[in-house]
Amino acid sequence: MSYWLNIFLPIIAYGTTVVALTLLFVNGRKLLAIYRKGQPDPTRSDAKGSRFAHMLGEIVGHTKMLNFTGTGIAHWGVMVGFVTLFGTLITAYGQVLDPYFTLPLIGNFIPYEYITELITIFTGLGIVTLIGIRQVTRFSRKGKKSRFFGSGSLKAYYVEATILAIVFCVVALRGLEGALSNDTEWSWHYPFTWRVVLNFKELPLQTILNSIQIVAAIKIVVSMLWFIVISLNLTMGVAWHRFLAFFNVYYKRHSDGSNSLGELPEMLSHGKAIDFDDPSEDDVFGLGTRADISWKGLLDMTSCTECGRCQSQCPAWHTDKPLSPKLLIMAMRDHAMAKVVENEALVGELAPISLDVLWSCTTCGACVNECPVDIEHIDHIVNMRRFQVLVESEFPSELSGTFRNLENSGNPWGANRNDREGWIAECDFPVRVVEGELPEDVEYLFWVGCAGAYEERAKKTTKAVAELLYMADVSFAVLGKKETCTGDPARRAGNEFLYQILAKENIATFEEVFASRPDKGQKKIVVTCPHCFTTIGRDYAQSGFELVMVHHTQLLNQLVREGKLTPINKSTKPLTYHDPCYLGRHNQIYAPPRELLEATGVKITEMPRNQERSFCCGGGGGRMWMEEKLGTRININRVVEALATGAEEVAVACPFCRVMVGDGVMSKESKVEVLDVAQALLRSVTAPILN
């Protein structure tokens, strides 16, 4: 028996290893070749030290995974085991030939043995927990309610079974190794497996020796079969992410480690930003075919673990739209990895991604915020929109009017430019309008925005902010008729050409207004719209123009803290606050609005989905000007959640949210009032009217 084991087990173990490593090398090179064929993206190579530090912190610290606390802890144990238990695999190669084999120097080193067994336990508990979570989710959240809906479950089961089998092999080998030792009572060499050791000590010596060789061979074969399987399946992200996640996190858009949110990436062609004044004949406008995908986009797709965290937070998916960020990335991946012609369309009737999927996105950022491997879903969606708008002229019919209004009137409603100052006449205090350069005594330029100037509900916010700044003796001025749309609706809807026109017009205005203020810190703009906040403050920086952007909740909160505004009339009405996506997830501003509301005396009853998990109002990504024809309305979903808190008021900090939430409340025939945070503060600091 021992003779045949000494012959066949090494042949099987080492033969499987040779096949596995050969396939891994060959197909690994094939994967690299696919990346190299992707469009170049030179924006990912800056600040290498910062990138590496943030990558290490995010992966080792599991900072995103821990948002799903139980799952995150379990996954951390499995991840650590994958790395630290490599020594047990090396040991197994020696044990196939010699059951007494141990690693040189550290094999019998107590700290090493202790850590090995401890990590094995963590890995075992972790994988059992993950298996349990998957199965509980499978039965408790059936169909589309499950974040695993559409994922490759068999692939996941195989990976989980492999890890579980390796854990059992490690425990068995530790027990058998202990059975060979001279220890007769508990030993630090086997701190957690001593009971297993005791069971094996009853076996005959030859049986123990043979068992070590057999289990070691099984461990090697199971491990190498895993490599063979993933080598033959380059779309098996649930396995490949173990290697690719490091690189995908390292090469994320922002080198400071922040999520790929906020501004949209520049429109690149062949690795260079497109010059829209004089584009090249061979420029690639957006993402239309497999050949247009950048190497980072391909890395994104092959890194997807199919965990469904993005899907579980997506407002489109939660309201029965066809868009699932996870399924979109999977469809792009399968298309990119398939043996198809390079110019086969990505979007269209017979393409992997339908037009309904593409235009369901609100660019709220929930998917990017949740993704544990930092996939940039919004960037890919907008790049595909860019191709549909600029090349195919295939987009929702409502956007034709929106684009035309932006081009002709400088606002998405097509309102008269001369009416931008209309709200000023409704104020009973002076509002300065800039003529040319901003006077030295003016600290802030108040950017009113299209909604703040034209939409009746948003105008109330504009007037409230202006009045509060006047009461606090803050010097400010507005541009009046010189304002034009920032270009946010155009850019998020894919019309990059129109965005560039609007951005250049605004930047020229800013350069004139701030001509005598060379320092960035002297160029201060306060806005009420998070979309304007993001576009002016972050997107315009790509054109080389930078300034200090302040959201009105930040400035007003500062004024309250400084005692320049003092809330007097404390409100007793129960209130809930809705976090705007572009203020919260895109810019990480959560505290100022809440602190302001609390200063007015209200007790905020938070909705279940709040702060970074806030649910979208449905107005972002150009959706404000598109009909919501599929599934149920996103704003209704959010309003139902708000009404369930029992609040009498819903506070917002965005004109889009004001419109969408307000419309939702009206459709539910509710008497709940929707108001901006600035309005809540204004009524608090205004002296009471005595009868």
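Whatever comes next refers back to the structure up there.
Quick summary incoming for the structure in this document. All of these numbers come straight from a predicted model, not from anything done at the bench.

**Describing the packing of helix 13 (residues 325-337) against helix 16 (residues 377-392)**
In step 1: Two elements in contact, helix 13 and helix 16, have axes separated by 11 Å at closest approach and are oriented at 65°. If you check the angle between helix 13 and helix 16, you find them roughly perpendicular. In this structure, helix 13 crosses over helix 16, and the sense of that crossing is left-handed. Contact with helix 13, carried on its side by Pro-325, Leu-328, Ile-329 and Met-332, involves His-377, His-380, Ile-381 and Met-384 of helix 16 and no other residues of that element.
In step 2: Residues belonging to the contact of helix 13 with helix 16 are distributed by class as follows: six nonpolar, two polar and no charged.

**Quick notes on the environment of Trp-447**
In step 1: With respect to the helices and strands, the residue Trp-447 is situated in strand 4 (residues 444-447).
In step 2: Trp-447 sits 100 residues away from Val-347 along the chain, and the two C-alpha atoms are 37 Å apart.
In step 3: What Trp-447 contacts, discounting residues up to four positions off in sequence, is Leu-479, Glu-483, Thr-484, Thr-486, Asn-506, Phe-510, Ile-525, Val-526, Val-527, Thr-528, Cys-532 and Ile-536.

**Observations concerning the pattern of salt bridges**
Between side chains of opposite charge, a pair can form when the charged atoms approach closely.
In step 1: Applying the stated criterion across every chain yields a total of 43 salt bridges.
In step 2: Residues Arg-386 and Glu-496 are paired through a salt bridge, measuring 3.0 Å at the closest nitrogen-oxygen approach. You can see Arg-386 sitting in helix 16 and its partner Glu-496 sitting in helix 21 (residues 496-513), a full 110 residues away along the chain.
In step 3: Of the residues examined, Glu-496 reaches a relative accessible area of 1% and is grouped as buried.
In step 4: Here Asp-539 ties to Arg-492 by a salt bridge, and the two come within 3.3 Å at their closest N and O atoms. Highlighted residues: Asp-539 in helix 22 (residues 530-539) and Arg-492 in helix 20 (residues 488-492), separated in sequence by 47 residues.
In step 5: Residue Arg-492 is classed as buried on the basis of its relative accessible area, which comes to 1%.
In step 6: A single salt-bridge network, built from bridges that share partners, covers Arg-386, Asp-488, Arg-491, Arg-492, Glu-496 and Asp-539.

**Side note on the packing of helix 6 (residues 153-180) against helix 9 (residues 237-250)**
Pairs of packed helices are described in terms of their axes, by the angle between the two and the distance that separates them.
In step 1: Taken N-terminus to C-terminus, the directions of helix 6 and helix 9 make an angle of 60°; their axes are 9 Å apart at the nearest point. Regarding the angle of helix 6 to helix 9, the classification is oblique. Of helix 9, the residues touching helix 6 (which contributes Lys-155, Ala-156, Val-159 and Ile-163) are Val-238, Ala-239 and Arg-242.
In step 2: In terms of residue class, the contact of helix 6 with helix 9 is built from five nonpolar, no polar and two charged.

**Thoughts on the pairing of strand 7 (residues 548-551)**
In step 1: Pairing analysis gives four bridges linking strand 6 (residues 524-527) to strand 7, with the strands arranged parallel. What sits directly across from Ile-525, in strand 7, is Met-549.

**A few points about the pairing of strand 10 (residues 673-676)**
In step 1: Pairing geometry for strand 9 (residues 649-652) and strand 10, over four bridges, is parallel. Paired with Val-650 across the strands is Val-674, a residue of strand 10.
In step 2: Each parallel crossover has a hand, and for strand 9 linked through helix 26 (residues 655-667) to strand 10 it is right-handed.

**Some words on the sheet that holds strand 10**
In step 1: Strand order in the open sheet formed by three strands is 8-9-10, and the pairing between neighbours is parallel. The outermost strands of the open sheet, each flanked by one partner alone, are strand 8 (575-577) and strand 10. With direction set aside, neighbouring strand axes in the sheet form an average angle of 25°.
In step 2: Sheet topology note: the strand 8/strand 9 ladder contains three bridges and is parallel.

**Notes on helix 25 (residues 634-643)**
In step 1: Burial within helix 25 is extensive, with seven of its ten residues counted as buried.
In step 2: Taken together, the buried positions of helix 25 are Ile-634, Asn-635, Ile-636, Arg-638, Val-639, Glu-641 and Ala-642.
In step 3: Where helix 25 is buried, its residues meet helix 12 (315-318), strand 8, strand 9 and helix 26.

**Let's talk about the side chain of Thr-363**
In step 1: You can see Thr-363 is positioned in the loop between helix 14 (355-358) and helix 15 (366-370).
In step 2: For Thr-363, the contacting residues outside a window of four places in its chain are Ile-378, Val-382, Arg-385, Arg-492, Tyr-582, His-586, Gly-620 and Gly-621.

**Describing the state of the cysteines**
In step 1: Per the stated rule, a full pass over the model turns up zero disulfides.
In step 2: Take Cys-314: it sits in no disulfide, and the sulfur closest to it among the cysteines is that of Cys-364, at 6.3 Å.
In step 3: Looking at Cys-654, it has no disulfide partner, and the nearest cysteine sulfur is the one in Cys-657, 3.9 Å off.

**Some remarks on helix 13**
In step 1: For helix 13, with 13 residues, the first-to-last C-alpha span of 18 Å sits near the 18 Å given by 1.5 Å per residue.
In step 2: Of all 13 residues in helix 13, eleven are buried; the element is thus mostly enclosed.
In step 3: For helix 13, the complete set of buried residues consists of Pro-325, Lys-326, Leu-328, Ile-329, Met-330, Ala-331, Met-332, Arg-333, His-335, Ala-336 and Met-337.

**Here's the deal with the sheet that holds strand 4**
Whenever strands of a sheet pair, they do so through backbone hydrogen bonds, lying parallel or antiparallel.
In step 1: On the basis of which strands lie adjacent, the open sheet formed by five strands has the order 3-5-4-6-7 and parallel pairing. Both edges of this open sheet fall to strand 3 (432-433) and strand 7, since each of them pairs with a single strand only.
In step 2: Here three bridges tie strand 4 to strand 5 (residues 476-478), and the two strands are oriented parallel to one another. When the sheet's bridge partners are listed, Tyr-444 is paired in strand 5 with Phe-476.
In step 3: Lying over the sheet, helix 22 contacts strand 4, strand 6 and strand 7, oriented at roughly 170° with respect to strand 7.

**Some thoughts on unusual backbone geometry**
In step 1: A positive phi angle, near 60°, is found at Glu-306, a position not held by glycine.
In step 2: Structurally, the position occupied by Glu-306 is in the loop between helix 10 (295-303) and helix 11 (309-313).
In step 3: One non-glycine residue with positive phi stands out, namely Gln-588, at about 60°.
In step 4: Position of Gln-588 among the secondary structure elements: in the loop between strand 8 and helix 24 (591-599).

So, how was this worked out
- Residues numbered from 1 in each chain as written.
- Predicted model: local features only at pLDDT ≥ 70, side-chain atom pairs only at ≥ 80, totals over all residues.
- Heavy atoms only, no water.
- Axes fitted to C-alpha atoms, helices over the stretch in contact; angles between N-to-C directions.
- Helix = DSSP H or I, 4+ residues; strand = E, 2+ residues; numbered from the N terminus.
- Parallel < 35°, antiparallel > 145°, perpendicular 65-115°, else oblique.
- Left-handed = near helix turned anticlockwise from the far one by under 90°.
- Contact = heavy atoms within 4.5 Å.
- Nonpolar A, V, L, I, M, F, W, Y, C, P; charged D, E, K, R; others polar.
- Salt bridge = Lys/Arg side-chain N within 4 Å of Asp/Glu carboxyl O.
- Buried < 20%, exposed > 50% of the residue type's maximum accessible area, 1.4 Å probe, protein only.
- Pairing = 2+ DSSP bridges.
- Right-handed = clockwise from strand over helix to strand, strands pointing away.
- Disulfide = S-S within 2.5 Å.
- Expected span 1.5 Å × (residues − 1).

These figures come from the coordinates and say nothing about function on their own.
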